[in-house]
Amino acid sequence: MPQQKTAVITGSADGLGKGIAERLARDGFNIVLSDIDGNKLAQTEQAFKNRNQPVASFKGDVSKRADQFALVQHAVDTFGRVDVFINNAGIEEVLPLLDVTEADFDRVFNINVKGVLYGMQAAAEQMKKQDSSRVYKIINACSIAGHESFDLLGVYCASKFSVRALTIAAAKELAKHNITVNGYCPGVAGTKMWDRIDAEMGKHLGLKPGEAFEKFSAGILMGRTQLPEDVASLVHYLASEDSDYMTGQSLIIDGGMVFR
């Protein structure tokens, strides 16, 4: 009988990452949660245990290479393998480009870009040791901001363009090891990240709370902002055998906002 697959998801204590973890748990994966917020992480892990879903957790900082490798080792120590690694953790920055400091730039790129690189390195090192007849999956959180640059989000957009570049390069390098590398590109969701974006944009543009969010989401063709379940459904596909022939792609799921 095939061994149960294991999925590792960074930034999964809340928001889109939690939604992805919940979907993959329903798909039958062992789940390894990871987040920098230890309290929220413990609460989310307990929720999985209450549903009798196989779960483990690891408190880590994705911007630290050692933490990403320790996360993978924790997954192996707990469940014996890593089949899917999802670089979901990320942060935003809302600033005019002329106001961006070195610290601002480094904070975003350390998490959004270095974190993805280190996660791919750690995951691939382990996957290469496993059964070479299987296809393994590395899945990176990109964004519509990785396909289109938006004012006041320039540094964030640059980081997500970088994630797309890393995804393509890694796909080319890792295919020979039966490892696919793809990305998912969400649009506007009612998450805490978008609450922060709305608040910061409001300060710069003189808007009331909620107005920036409404402005960004007004043109969505499907008539609503996205839910974690919407994104999780795409990641479900990327983590499944149905996507074994896809690699190097960063797929937009935004309800109809950005078209590529």
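Residues numbered from 1 in each chain as written. Predicted model: local features only at pLDDT ≥ 70, side-chain atom pairs only at ≥ 80, totals over all residues. Heavy atoms only, no water.

Draft legend 1. Layout of unusual backbone geometry. Positive phi values are uncommon outside glycine, yet asparagine 52 reaches one of about 60°. Structurally, asparagine 52 is set in the loop between helix H2 (38-50) and strand E3 (55-59). In this structure, leucine 152 is a non-glycine residue whose phi angle is positive, near 70°. When you line up the elements, leucine 152 lands in the loop between strand E5 (136-141) and helix H5 (154-174). (Helix = DSSP H or I, 4+ residues; strand = E, 2+ residues; numbered from the N terminus.)

Draft legend 2. The arrangement of the UniProt feature "binding site: NAD(+)" (unreviewed entry) in the chain in detail. In this structure's numbering, the residues bearing the UniProt feature "binding site: NAD(+)" (unreviewed entry) are Asp35, Asp61, Val62, Asn88, Tyr156, Lys160, Pro186, Gly187, Val188, Ala189, Gly190 and Thr191. Considering the C-alpha atoms alone, the annotated residues occupy 157 residues of sequence and remain spread out, their largest mutual distance being 24.9 Å. The topology assignment puts valine 188 in the loop between strand E6 (179-186) and helix H6 (192-205). Filtering out sequence-adjacent residues up to four positions away, valine 188 remains in contact with Trp194, Phe213, Phe216, Ser217, Ile220, Thr225, Gln226 and Met257. Note on placement: threonine 191 falls in the loop between E6 and H6. (UniProt positions renumbered as here; feature names shortened; annotations may be inferred. Contact = heavy atoms within 4.5 Å.)

Draft legend 3. Structural detail: the pattern of salt bridges. Applying the stated criterion across every chain yields a total of 12 salt bridges. Aspartate 14 is the salt-bridge partner of lysine 192, the closest N and O atoms lying 3.1 Å from each other. Note that lysine 192 is positioned in helix H6 and aspartate 14 in the loop between strand E1 (6-10) and helix H1 (15-26), a separation of 178 residues in sequence. A relative accessible area of 29% places aspartate 14 in the partly exposed class. Salt bridges linked by common partners bring Arg81, Asp83 and Arg134 together as one network. (Salt bridge = Lys/Arg side-chain N within 4 Å of Asp/Glu carboxyl O. Buried < 20%, exposed > 50% of the residue type's maximum accessible area, 1.4 Å probe, protein only.)

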